Amino acid sequence: MIKLVNIHRNFQVGEQTVHALNDINLEITDAEYVSIMGPSGSGKSTLLNLLGLLDRPTSGQYFLNNTNVTDLDETEQALMRNKSIGFVFQTFHLVPRLTAAENIELPLVLAGIPEQQRKDRVAAALDSLDLSNRADHKPEQLSGGQRQRVAIARATISRPSVLLADEPTGNLDQKSGLNVIEILEALNHKGITLIMVTHDESLGARSTRSIRMLDGRIESDTVPGK
Amino acid sequence: MLLTRDAIKFSWQALTANTTRTFLMLLAMSIGVGSVVILTSLGEGARNYVTAEFSALGTNLVIVIPGRSETSGGNPATMMGVTERDLTINDAVALTRNPDVLRIAPLNIGAAEVSWQGRKREITIQGSSHELLKLRQWKMSQGKFLPKMDLERAKSVCVIGNKVRNEIFGAHSALGQWMRIGDRRYRVIGILDSEGQSLGIDIGDTVIIPVASAQSLFNVPSLFRIFVEVKTRAAIPEVITFIKETLRERHQGVEDVTVITQDAVLATFDRILGALTYAVGGIAAISLAVAGILIMNVMLVTVSQRTSEIGLLKSLGASEQNILMLILIEAVLLSTLGAILGFILGQLGSWAIRSAFPVLPAYAPLWATFASLFVAMLTGVLFSLLPAKKAARLNPVDALMRH
């Protein structure tokens with residue numbers, strides 16, 4: 001469960017203070033499917049980074065699974081990112097020198113999980129995403145869709161409660177984009193909270209809750225199709 | 001928590017992924033360590049060489065040289081225009097009167113043409129006595145050394161070195177032959193076994209005749225040196241005083257000799273060459289520091305090249321400490337490998353020096369080897385701390401946004 005209370009995030013740009021997030025109050029329950037939409041500079045990426053503990057609010061409180069994570073120190077936040085949060089990026093962010101399997105394994109390596117256990121979990125993840133025959137390929141040998149599937153496998157290998165996706169189909173053709181969305185939705189059906197930033201109206205329409213942002217504020221919070 | 005084994009594997013993969021960078025850093029590090037090892041082995045080799053040269057003279061040795069090495073004024077003898085007196089055979093004999101003196105050997109040196117049945121050679125001739133053999137710790141291969149006799153007696157006998165024997169007599173037996181030295185004839189009574197150099201003279205390439213014979217051969221009344229071997233090391237200072245006083249008395253109150261001890265000479269050379277070893281080691285250490293700075297530069301470039309990777313690792317749950325550890329392990333791996341390569345390079349280098357100059361025992365001192373290995377690893381880590389800290393503090397959002 002996610003709860004944001006009076007969140008502000010200011011950036012100093014030269015002499016000016018930019019209110020990237022301006023008094024955000026938001027509650028997202030487990031297994032929700034939320035899309036965040038809005039024009040460039042509306043604060044949607046800042047919100048996603050904050051939810052992913054990559055950024056700290058200037059003021060306000062952030063509760064993740066009933067823990068006030070704004071109080072945690074750097075190491076505790078790192079642990080939280082490792083255990084409870086998965087990221088999927090527009091540009092995949094795979095480590096080029098590592099194979100698909102090694103990329104997927106990274107969160108488990110950082111968590112210090114023993115090797116045999118890691119191998120089993122990576123094999124299962126590869127299998128479920130139809131990547132078993134690509135395990136030993138380097139990212140450059142994979143198609144865009146395959147790369148994003150590897151990234152999804154990596155984001156979910158630690159069994160997080162929240163999956164954050166930043167324009168996950170932005171660099172993909174329509175067919176593999178759709179495939180990626182279906183995978184993310186299937187994960188959501190199994191109980192993961194899916195929060196996705198997108199420009200694409202048709203993608204936004206698929207979610208069960210659509211948040212629109214403008215100038216650092218939540219402009220609307222609706223259920224699509226109603 | 002990230003396991004050390006996995007961290008090492010991850011860093012190793014990062015190293016092997018960029019071979020050019022890794023190769024350049026290894027090269028810098030190994031040249032640094034290698035030059036310390038090679039240069040200190042040269043310095044140490046020179047020191048050992050000189051030490052061995054002087055030890056070959058024998059132990060507890062005092063050397064008397066005619067003439068004074070220090071300037072002195074107000075000496076009445078000098079004022080009256082009296083020149084230095086020669087060091088004579090009688091002076092040498094007088095020095096045996098001290099109970100602490102074990103043996104003495106006078107020495108005269110000259111060059112003369114040596115011939116036998118038409119074979120001729122210009123050879124260094126040493127005029128000395130029976131005692132020289134023990135004093136110099138030489139060995140005989142055939143026959144006997146100069147006989148024990150009155151130093152004033154000029155007997156026509158000679159002892160020759162190995163090389164002289166081979167070149168003058170060839171396949172013939174040398175013992176008992178009459179050999180011509182200059183315009184006189186001497187009977188060969190012994191052949192030296194020893195090899196190598198002694199005070200710049202090749203022992204194999206010399207002829208030794210009684211000191212009185214040498215004086216008449218070269219027509220010089222004075223001696224070149226008097227070697228005095230003292231019974232114990234502790235007695236050396238007393239013996240030196242005795243020598244100076246005895247010779248001053250015999251030379252009408254003028255102190256016109258210089259007395260040096262082998263120890264003093266040895267200690268001086270030892271000090272000079274030891275300092276030389278430190279100096280060249282220090283110069284070589286500069287290349288180690290340069291290697292360290294190079295490592296820092298390359299690591300800084302690495303960090304900025306891998307910004308997005310570091311951001312990604314953070315998003316996957318790597319703490320600042322994890323990132324710091326990964327970068328430092330990379331630096332430690334690099335500098336350890338570089339140090340090992342440098343060590344091998346240095347050993348090969350000093351081996352090459354030993355092969356090229358067999359007289360020079362060019363072995364790197366242990367302290368220099370260990371110090372350079374240690375310093376290499378230390379610089380590797382120290383100079384990577386800054387880049388590693390920079391990496392650890394990267395803002396993950398900025399890092400992920402940059403492509």
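Rules and cut-offs
Residues numbered from 1 in each chain as written. Chains lettered and ligands numbered in written order. Predicted model: local features only at pLDDT ≥ 70, side-chain atom pairs only at ≥ 80, totals over all residues. Heavy atoms only, no water. Helix = DSSP H or I, 4+ residues; strand = E, 2+ residues; numbered from the N terminus. Rg over C-alpha atoms; globule rule 2.2 N^0.38 Å. Buried < 20%, exposed > 50% of the residue type's maximum accessible area, 1.4 Å probe, protein only. Contact = heavy atoms within 4.5 Å. Pairing = 2+ DSSP bridges. Axes fitted to C-alpha atoms, helices over the stretch in contact; angles between N-to-C directions. Buried area = accessible area lost by both parts, 1.4 Å probe. Salt bridge = Lys/Arg side-chain N within 4 Å of Asp/Glu carboxyl O. Polar contact = N/O pair within 3.5 Å; in protein donor to acceptor, adjacent residues only side chain to side chain. Expected span 1.5 Å × (residues − 1). Bend = angle between axes of the 7 residues up to and from the residue. Core = buried A, V, L, I, M, F, W, Y, C linked by side-chain atoms within 4.5 Å. pLDDT = per-residue confidence, 0-100. Domains from an automatic or database assignment. Parallel < 35°, antiparallel > 145°, perpendicular 65-115°, else oblique. Left-handed = near helix turned anticlockwise from the far one by under 90°. Nonpolar A, V, L, I, M, F, W, Y, C, P; charged D, E, K, R; others polar. Phe/Tyr/Trp six-rings, centres within 6.5 Å; stacked < 30°, edge-to-face > 60°. Lys NZ or Arg CZ within 6 Å of the ring centre and 35° of its normal.

Draft legend 1. Just the overall build of chain A, in detail. Broken down by element type, chain A carries seven helices and ten strands. Here the C-alpha atoms of chain A give a radius of gyration of 18 Å, agreeing with the 17 Å that 2.2 N^0.38 yields for 226 residues. In terms of overall dimensions, chain A has C-alpha extents of about 50 × 40 × 35 Å along its principal axes. Split into buried and exposed, the 226 residues of chain A put 55% on the buried side. Here the analysis covers contacts within chain A between residues at least 6 apart in sequence; of these, 68% occur between residues at least 24 apart.

Draft legend 2. View of the sheet that holds strand β6 (residues 85-88) of chain A. All names here are of chain A. Taken in spatial order, the six strands line up as β6-β7-β8-β3-β9-β10 in an open sheet, and their pairing is mixed. Every interior strand has two partners, whereas the edge strands, β6 and β10 (217-222), have only one. This sheet shows a mean twist of 20° between the axes of neighbouring strands, independent of strand direction. Relative to the sheet, helix α1 (residues 44-51) contacts β3 (33-37), β6, β7 (162-166), β8 (193-197) and β9 (209-214), its axis offset from that of β7 by approximately 150°.

Draft legend 3. Structural detail: the interface of chain B and chain A. Taken together, the contact pairs 29 residues of chain B with 26 residues of chain A. Taken together, the two surfaces of chain B and chain A that pack against each other cover about 2400 Å², and 60% of this comes from carbon and sulfur. Three residues, Leu312(B), Ser315(B) and Leu316(B), lead the burial of chain B against chain A; their summed loss comes to 22% of the area buried on that side. At the junction of chain B and chain A, the tally comes to three salt bridges. With a closest N to O distance of 2.8 Å, Glu115(A) and Arg5(B) form a salt bridge. The interface formed by chain B and chain A contains nine residue pairs in polar contact (both at pLDDT 80 or more). Counting residues per element, the ones that place at least two in the side of chain B that touches chain A are α1 (4-17), α10 (307-315), α11 (320-356) and α13 (396-401) of chain B. Among the elements that make up the side of chain B that touches chain A, the one with the highest residue count is α1(B) (seven residues).

Draft legend 4. Focus on the environment of Gly204(B). Structurally, Gly204(B) can be placed in the loop between β9 (201-202) and β10 (206-210). It is 9.7 Å that separates the C-alpha atoms of Gly204(B) and Asn166(B), two residues lying 38 residues apart in sequence.

Draft legend 5. Just the pairing of strand β1 (residues 2-13) of chain A, in detail. Residues and elements named next belong to chain A. Looking at chain direction, β1 and strand β4 (residues 59-64) are connected through five bridges and run antiparallel. Pairing of isoleucine 2 across the sheet is with leucine 64, part of β4. Inspection of the sheet shows β1 paired to strand β2 (residues 16-28) by nine bridges, in the antiparallel sense. Bridge pairing in β2 links asparagine 10 to histidine 19. Counted along the chain from β1 to the antiparallel partner β2, the turn is two residues long, and its residue glycine 14 has a positive phi close to 65°.

Draft legend 6. Main features of helix α12 (residues 366-392) of chain B. Residues and elements named next belong to chain B. Between its first and last C-alpha atoms α12 spans 38 Å; for 27 residues at 1.5 Å apiece the expected length is 39 Å, and the two agree. Its axis deflected by about 40° at leucine 385, α12 carries its strongest bend there, up to four residues before the proline proline 387. Buried within α12 we find Ala368, Thr369, Ser372, Leu373, Ala376, Thr379, Gly380, Ser384, Pro387, Ala388, Ala391 and Ala392.

Draft legend 7. Broad picture of the pattern of salt bridges. A full pass over the atoms with the stated rule returns 23 salt bridges over all chains. Across the pair Arg209(A) and Asp221(A) runs a salt bridge whose closest N-O atoms are separated by 2.7 Å. Taken as a pair, Arg209(A) in strand β9 and Asp221(A) in strand β10 lie far apart in primary sequence, twelve residues in all. Salt bridges sharing partners connect three or more residues here, namely Arg97(A), Arg21(B), Arg306(B), Glu309(B) and Glu330(B).

Draft legend 8. Structural detail: the side chain of Thr46(A). For Thr46(A), the location among the structural elements is in helix α1. In this structure Thr46(A) touches Arg9(A), Phe11(A), Ala20(A), Leu21(A) and Asp55(A), once residues within four positions along its chain are discounted.

Draft legend 9. Broad picture of the nonpolar core. Counting residues in hydrophobic clusters, the biggest one holds 73 residues, and the most contacted among them are Leu4(A), Leu47(A), Tyr62(A) and Ile195(A). In terms of residues, this core owes the most to one element, α11(B), which gives eight residues. Ignoring anything within four residues of it in the chain, the contact list for Leu4(A) reads Ile24(A), Asn25(A), Leu26(A), Leu47(A), Leu50(A), Leu51(A), Gln61(A) and Tyr62(A). Core analysis: the next-biggest nonpolar cluster, separate from the first, contains 34 residues, Ile104(A), Ala155(A), Ile157(A) and Val180(A) among them.

Draft legend 10. The side chain of Lys44(A), seen in detail. All names here are of chain A. Looking at where lysine 44 falls in the secondary structure, it is placed in helix α1. A distance of 3.5 Å separates a polar atom in the side chain of lysine 44 from the backbone oxygen of proline 39. Setting aside chain neighbours within four positions, we find lysine 44 in contact with Ile36, Met37, Gly38, Pro39, Val197, Thr198, His199 and Met213.

Draft legend 11. Geometry of the confidence of the model for chain A. Summary statistics for chain A give a mean pLDDT of 93 and a share of 99% for residues scoring 70 or more. Least confident of the elements in chain A is helix α7 (residues 201-206) of chain A, whose mean pLDDT is 91; most confident is β8(A), at 96.

Draft legend 12. View of the domain arrangement of chain B. The assigned domain composition of chain B is domain 1 (4-53 + 267-401) and domain 2 (68-255). Once you take the C-alpha centre of each, domain 1 of chain B and domain 2 of chain B turn out to be 55 Å apart.

Draft legend 13. Seen up close, unusual backbone geometry. One non-glycine residue with positive phi stands out, namely Ala31(A), at about 65°. By relative accessible area, which is 35% here, Ala31(A) ends up partly exposed. A positive phi angle, close to 55°, is found at Asn219(B), a residue other than glycine. For Asn219(B), a relative accessible area of 67% corresponds to the exposed category.

Draft legend 14. Region of the structure containing the packing of helix α9 (residues 262-305) of chain B against α11(B). Residue and element names in this part refer to chain B. One can describe the packing of α9 onto α11 by two numbers: an axis separation of 12 Å at closest approach and a directional angle of 140°. Overall, the two elements α9 and α11 adopt an arrangement that is oblique. Relative to α11, the crossing made by α9 is right-handed. Residue-level contacts link Met299, Thr302 and Val303 of α9 to Ile327, Glu330 and Ala331 of α11. Per-class residue counts for the contact of α9 with α11 are four nonpolar, one polar and one charged.

Draft legend 15. Structural context of the packing of aromatic side chains. For the coordinates displayed, the defined rule picks out three aromatic pairs over all chains. Seen in terms of ring centroids, Phe87(A) and Phe89(A) are 5.7 Å apart; in terms of plane orientation they differ by 5°. Their pairing is stacked. On the numbers, 4.7 Å between centres and 50° between planes, the contact of Trp116(B) with Phe169(B) is tilted. With Trp116(B) in strand β2 (residues 101-116) and Phe169(B) in helix α6 (residues 162-169), this residue pair connects regions lying 53 residues apart in the sequence. An identical accessibility class is assigned to Trp116(B) and Phe169(B); each is buried. Against the face of Phe63(A) rests Lys3(A), its NZ or CZ located 5.9 Å from the ring centre. Its guanidinium or amino end placed over the ring of Tyr363(B), Arg354(B) lies 4.0 Å from that ring's centre, counting from NZ or CZ.

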